[in-house]
Amino acid sequence: MFNLSKKIQLLPPYLFLEIDKAKRKARAEGRDIIDLGVGDPDQPTPTHIIEKLYQAAKDPATHRYALDQGMPVLRQAIADWYKNRFNVELNPETEILPLIGSKEGIAHLPLAFLNAGDYSLVPDPCYPPYKGGTILAGGKLYLMPLLESNVFLPDLKKIPINIRRKAKLIYINYPNNPTAATAEKDFYQKVVKFANKNKIIVVSDLAYSEIAYDGYRPSSFLEVEGAKEAGIEFHSLSKTYNMTGWRIGWASGNAKLISALAKVKSNIDSGIFSAVQLAGIAALGGREGHIRNMCNLYQERRDTLINGLSSLGWQVKSPRATFYVWVRVPKKLDTSTPFSVRDEPSRTADSIKFSKLLLEKANIVVTPGVGFGKYGEGYVRFALTVDKERIKEAVERLRKVL
Ligand SMILES: *Cc1c(COP(=O)(O)O)cnc(C)c1O
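Quick caveat: nothing in here was measured; it's all calculated off a predicted structure.

### Some remarks on the domain arrangement of the chain
Examined at the domain level, the chain breaks down into domain 1 (6-44 + 289-401) and domain 2 (47-287). Taking the mean C-alpha position of each, domain 1 and domain 2 sit 26 Å from one another. With both sides pooled, the region where domain 1 packs onto domain 2 buries about 3400 Å², and carbon together with sulfur makes up 61% of that total. Taken as a group, Arg320, Thr322 and Tyr375 account for 21% of the area that domain 1 buries against domain 2, more than any other trio of residues on that side.

### Focus: the environment of arginine 399
Following the sequence through the fold, arginine 399 ends up in helix H14 (residues 388-401). Sequence separation between arginine 399 and alanine 362 is 37 residues; the distance between their C-alpha atoms is 9.5 Å. Sequence-distant contacts of arginine 399, defined by excluding residues within four places in its chain, comprise Ser311 and Leu312. At 3.2 Å, the side chain of arginine 399 forms a polar contact with the side chain of serine 311.

### Here's the deal with the pairing of strand E4 (residues 140-145)
Where strand E3 (residues 119-124) lies against E4, 6 bridges are found, and the strand directions are parallel. Residue tyrosine 119 lies in a different strand from E4, and its bridge partner there is lysine 140. Assessed by its sense of winding, the connection that carries the chain from E3 through helix H6 (residues 129-136) to E4 is right-handed.

### Side note on the site of the ligand
Taken together, 14 residues lie around the ligand, and Asp205, Ser236, Ser238, Lys239 and Arg247 are the ones closest in. One of the backbone N or O atoms of serine 102 is found 2.8 Å from an oxygen atom in the ligand. Class assignment of the residues belonging to the shell around the ligand gives a composition of 4 nonpolar, 6 polar and 4 charged.

### Structural notes on the sheet that holds strand E6 (residues 201-205)
The 7 strands are arranged E2-E8-E7-E6-E5-E3-E4 in an open sheet whose pairing can be described as mixed. Where the open sheet ends on each side, the last strands, each with one partner, are strand E2 (96-99) and E4. Put simply, the sheet's adjacent strands are angled 20 degrees from each other on average, direction ignored. Sheet topology places E3 next to strand E5 (residues 167-172); 3 bridges connect them, and they run parallel. If you follow leucine 121 over to E5, its bridge partner there is isoleucine 170.

### Considerations on the confidence of the model for the chain
Chain-level pLDDT for the chain is 93 on average; 95% of the residues reach the 70-or-more range. Within the model, pLDDT remains below 50 along residues 333-345, and this stretch shows 27 contacts once partners closer than five positions in the same chain are excluded.

### Focus: unusual backbone geometry
Proline 125 follows aspartate 124 through a cis peptide bond whose omega is 5 degrees. On the secondary structure map, proline 125 appears in the loop between E3 and H6. The phi torsion at alanine 180 lies on the positive side, around 65 degrees, for a residue other than glycine. On the basis of relative accessible area, alanine 180 is assigned to the buried category, the value being 8%. Despite not being glycine, arginine 247 shows a phi value in the positive range, around 65 degrees. Positionally, arginine 247 belongs in the loop between strand E7 (231-236) and strand E8 (249-253).

### Looking at H14
For H14, built from 14 residues, the straight-helix expectation of 20 Å at 1.5 Å per residue is met to within 8% by its first-to-last C-alpha distance of 20 Å. All buried positions along H14 are accounted for by Ile391, Ala394, Val395, Arg397, Leu398 and Val401. One side of H14 holds all its buried residues, which, seen down the axis, span an arc of 165 degrees.

### Looking at the packing of aromatic side chains
Using the criterion set out here, one finds 21 aromatic pairs in the structure. Judged by centre distance (5.8 Å) and plane angle (75 degrees), the ring pair of tyrosine 127 and tyrosine 130 falls under edge-to-face. On the basis of relative accessible area, tyrosine 127 is assigned to the partly exposed category, the value being 22%. Exposure remark for tyrosine 130: the relative accessible area of 1% places this residue in the buried category. An angle of 70 degrees between the planes, with centres 6.2 Å apart, marks the rings of tryptophan 326 and phenylalanine 372 as edge-to-face. Taken together, the residues span a long stretch of sequence, with tryptophan 326 in strand E9 (residues 324-328) and phenylalanine 372 in the loop between strand E11 (367-368) and strand E12 (379-383) at a distance of 46 residues. Above the plane of the ring of tyrosine 54 lies lysine 58, whose end atom (NZ or CZ) is 4.4 Å from the centre. In this structure, arginine 320 packs its charged tip against the face of tyrosine 216, placed 3.8 Å from the ring centre.

Quick notes on the rules
- Residues numbered from 1 in each chain as written.
- Predicted model: local features only at pLDDT ≥ 70, side-chain atom pairs only at ≥ 80, totals over all residues.
- Heavy atoms only, no water.
- Domains from an automatic or database assignment.
- Buried area = accessible area lost by both parts, 1.4 Å probe.
- Helix = DSSP H or I, 4+ residues; strand = E, 2+ residues; numbered from the N terminus.
- Contact = heavy atoms within 4.5 Å.
- Polar contact = N/O pair within 3.5 Å; in protein donor to acceptor, adjacent residues only side chain to side chain.
- Pairing = 2+ DSSP bridges.
- Right-handed = clockwise from strand over helix to strand, strands pointing away.
- Near = heavy atom within 4 Å.
- Nonpolar A, V, L, I, M, F, W, Y, C, P; charged D, E, K, R; others polar.
- Axes fitted to C-alpha atoms, helices over the stretch in contact; angles between N-to-C directions.
- pLDDT = per-residue confidence, 0-100.
- Buried < 20%, exposed > 50% of the residue type's maximum accessible area, 1.4 Å probe, protein only.
- Expected span 1.5 Å × (residues − 1).
- Arc of directions from axis to C-beta.
- Phe/Tyr/Trp six-rings, centres within 6.5 Å; stacked < 30°, edge-to-face > 60°.
- Lys NZ or Arg CZ within 6 Å of the ring centre and 35° of its normal.

This is the structure:
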């Protein structure tokens, strides 16, 4: 009687289902699970941000609809942050749009630009809303494989002419979830050139710009010449300030794109809780020490995991950014011999089977790569969102299994 829409039926299957179910079952059985699966910081939001929320929430002025396109003081704080961090000038009135978390904006943007049959160029593996947003807007997906042989960057030359003609959006995300790859300005320059030539809008997702190691400082797409004419960049307080539950992020860049996204949103939501906006200003306003301490913490965990895995003969490249480690599924699950590093992982290496094995045999949760798209098959993602001692424990458990 209730028929689902074609769009809903076209959404990619949720491949984490099996592993989620197995995880719940393991927890219910009282097993001691080490969860390296979730990309959600385990540390609390810094206290001064919470204090600001508390104080702002007591002011009745914050209790009403926040119908403007984000408070002017928040948009100014975002502009100042971009200027400070990337030396990028943004007009707070026309080039910045606060969002209820960046996922919301990422998923709504295609509604503003896709007509039936138009394409989004989407990296694969990827953060799932790039695909979901396109499909819900009636668009089609062209997958750009992120291959290890190309340091997990899309190969723009491989995109066929007939697809370029029908493409409206190209999604890029560096530092990248799930591969932890990074991109430099020369890549962004190529993307701008490609986008201008083919009249395609660039959508850059910069959620992990502040989570980087060994002195590395990720760039913004908007730093390169012509970027603001070519696209839009999404950013978020979620990962930088351990605020995933608060729901606050923003889009910045081309004013026409910003106003189109604002128009979509004005039909869907009624703004971000004003007290959260004020707390967001407190977050952006400083205490640099927080970011440094956070990165040191993840870096220690990263080194613990990488050293541990390499002591098992599991050769893994140490990521320069993000709190993820993206590793190949061992070719032979039942031996401890080092497996060979081939050019590309086998598509038959079963990341779901391997993740289930780790859960069953070692009580460790990792995310199967295929859940991020078919080119993620052959890999699993470890998230560095548990403390160092637990990571050590996870490595010891792996030693027994592998
Ligand atoms: C976590 C994450 C985000 C942030 O999402 P919010 O909705 O702002 O919490 C955006 N993009 C990627 C790739 C992420 O991993």
